[in-house]
Structures are given as C-alpha cells and as structure tokens.
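Each chain, letter by letter, is given below.
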Amino acid sequence: MAKGKLIVFSAPSGSGKTTIVRHLLTQEELSLDFSISATSRQPRGQEQNGKDYYFLSPDEFKAKINEDAFLEWEEVYENTYYGTLKSELERIWSLGKHVVFDIDVVGGLNIKKQFPEETLAVFVKPPSIEEMEKRLRHRQTDAEEKIIERVAKAEKELSYAKDFDVVLVNDDLEVAKKDAFEMIANFTKK
Ligand code: 5GP
C-alpha cells in the first residue's frame, strides 16, 4: 500500500485552526482523513470518543506510552496528556488517504522531523493575541483559568512559527480556507 502524505496544522488554540481543518475534511477531492489524537482530558461540549479524540484515563494513556504505541505524545498542560497513536497512520493510509493532524506546535514539529519529505507543516496564526483571547471567551467552553493558561502558552508558541513550512494568517476565515485548500492540493499532487 502506498503511503499518503501528512498535513500538520498547528497553532495556539483560539487561532481558528480547528474550523479550517474541519472545512478541509469536507473537501472530497483532497482525500484527507483526520488523525484522531488520544488525550487524558475530559470531553468538552459535543465532543465524542473515537471522533474528536480517543478519551483515555491518565493510567490508560501511560500504559500506551509504555507499549510504545505513540508516534509522539506530550504533557501539553499539567497532568493532561495528548498524543498521536501509530495505529492512526496505518488506519488512514490503508484507506488510501492523506493524514491531517490538528496538534500542538511541538507535536507538529516532531512529526515533521520523523517524516520530513512527506509532511506539509502549516502554522495557523491568529491576527493577534487579543483577537485569540476574544475567540476563546466567545467559545465559552473553557473556564477563566484555562483561558489564561492557553493565552500564556500561545505567546510562547508564536515563536515557533518560523520552523513551519507555511504560516497561514487567519485574518479572514474564507481566505484562509481557500489558501489552505490550494496549498494542500499542490502538495499532495507531488
Ligand atoms: P484541546 O484541549 O484544545 O483540544 O487541545 C489542546 C492542545 O493539544 C492543542 O494545542 C491541540 O492541538 C493539542 N493536541 C491535540 N492532539 C494532540 C496530539 O496528538 N499531540 C500533541 N502533541 N498535541 C495535541
């Protein structure tokens, strides 16, 4: 079976990255499928196990680390683990599709390092930190202390933008969706 490509989307949360990724997944001609990450955090809002994430307990997550089941994993927030299972790549490649990742900056660069030729690493940049904070509050899914934690993390993450293949500024969502579509169509054609 031929391996597909890997398309990594990384960004501070509140950048609009997830909206862009969801849009791309509806575009059949791109032949993309979403890499469902594992996490030890609780589901938020409408999130479903096996669709948005594989929700594991911290102990289950640690058992998978010991089994070497992860391509990459991280303690993104204190006591909250996130990771990409190796089995996700096999699952998606066996469907003849390209893998799309919606993961944090360090995880994204880790994947790029492991598959340098096959990966397009896209950094989605919010127009400003203020705008990002506004979007997080508007979403109304996070407690105030989580928002503060996410904003602090974002400031650090913005400094990694230069290590990505492309920086996509999400100023106008429609423009960002169209630009993302075109860069993926070009990359997967190669
Ligand atoms: P959230 O809790 O908002 O869904 O995600 C928190 C952060 O964890 C986001 O920056 C998200 O991109 C990142 N994340 C999600 N899945 C993974 C993963 O598989 N690996 C890594 N390293 N980060 C992830």
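Reading the values: the criteria
- Residues numbered from 1 in each chain as written.
- Predicted model: local features only at pLDDT ≥ 70, side-chain atom pairs only at ≥ 80, totals over all residues.
- Heavy atoms only, no water.
- Buried < 20%, exposed > 50% of the residue type's maximum accessible area, 1.4 Å probe, protein only.
- Helix = DSSP H or I, 4+ residues; strand = E, 2+ residues; numbered from the N terminus.
- Pairing = 2+ DSSP bridges.
- Axes fitted to C-alpha atoms, helices over the stretch in contact; angles between N-to-C directions.
- Contact = heavy atoms within 4.5 Å.
- Near = heavy atom within 4 Å.
- Polar contact = N/O pair within 3.5 Å; in protein donor to acceptor, adjacent residues only side chain to side chain.
- Areas by Shrake-Rupley, 256 points an atom, 1.4 Å probe, with all protein chains shown as cover.

**Student:** What should I look at first to understand the pairing of strand β8 (residues 119-125) in this one?
**Tutor:** Within a regular beta strand, the side chains point alternately toward one face of the sheet and then the other, so they alternate between its two faces. Across the seven residues of β8, six count as buried, placing the element largely inside the fold. By the bridge criterion, five bridges tie strand β1 (residues 6-10) to β8 in an arrangement that is parallel. By the bridge assignment, Leu 6 is partnered in β8 with Thr 119.

**Student:** Honestly, the sheet that holds strand β4 (residues 53-55) in this entry has me stumped. Any pointers?
**Tutor:** Through backbone hydrogen bonds, the strands of a sheet pair up, either in parallel or in antiparallel fashion. Taken in spatial order, the four strands of this open sheet run β4-β3-β6-β5, and their pairing is mixed. What marks the edges here is a single partner per strand, and that holds for β4 and β5 (70-77). On average, each strand axis in the sheet is inclined to that of its neighbour by 25°, with strand direction left out of account. As judged from the three bridges shared by strand β3 (residues 37-39) and β4, these two strands associate in the parallel manner. Bridge pairing in β4 places Ser 37 opposite Tyr 53. Packing of helix α3 (residues 86-93) onto the sheet brings it into contact with β4, β5 and β6 (80-85), and relative to β6 it is tilted by some 40°. Sheet strands in contact with helix α4 (residues 105-114) are β5 and β6, and its direction is about 160° off that of β5.

**Student:** Got a minute to help me understand the site of the ligand in this structure?
**Tutor:** The ligand sits among 17 residues. The nearest are Ser 37, Arg 41, Tyr 53, Glu 72 and Tyr 82. Between a nitrogen atom of the ligand and a side-chain N or O atom of Glu 74, the distance comes to 2.8 Å. Computed on the free molecule, the ligand has an accessible area of 510 Å², of which 95% lies beneath the protein chains in the complex. If you list the elements that add at least two residues to the shell around the ligand, you get β5 and β6. Of the residues forming the shell around the ligand, the biggest block, four residues, is contributed by β5.

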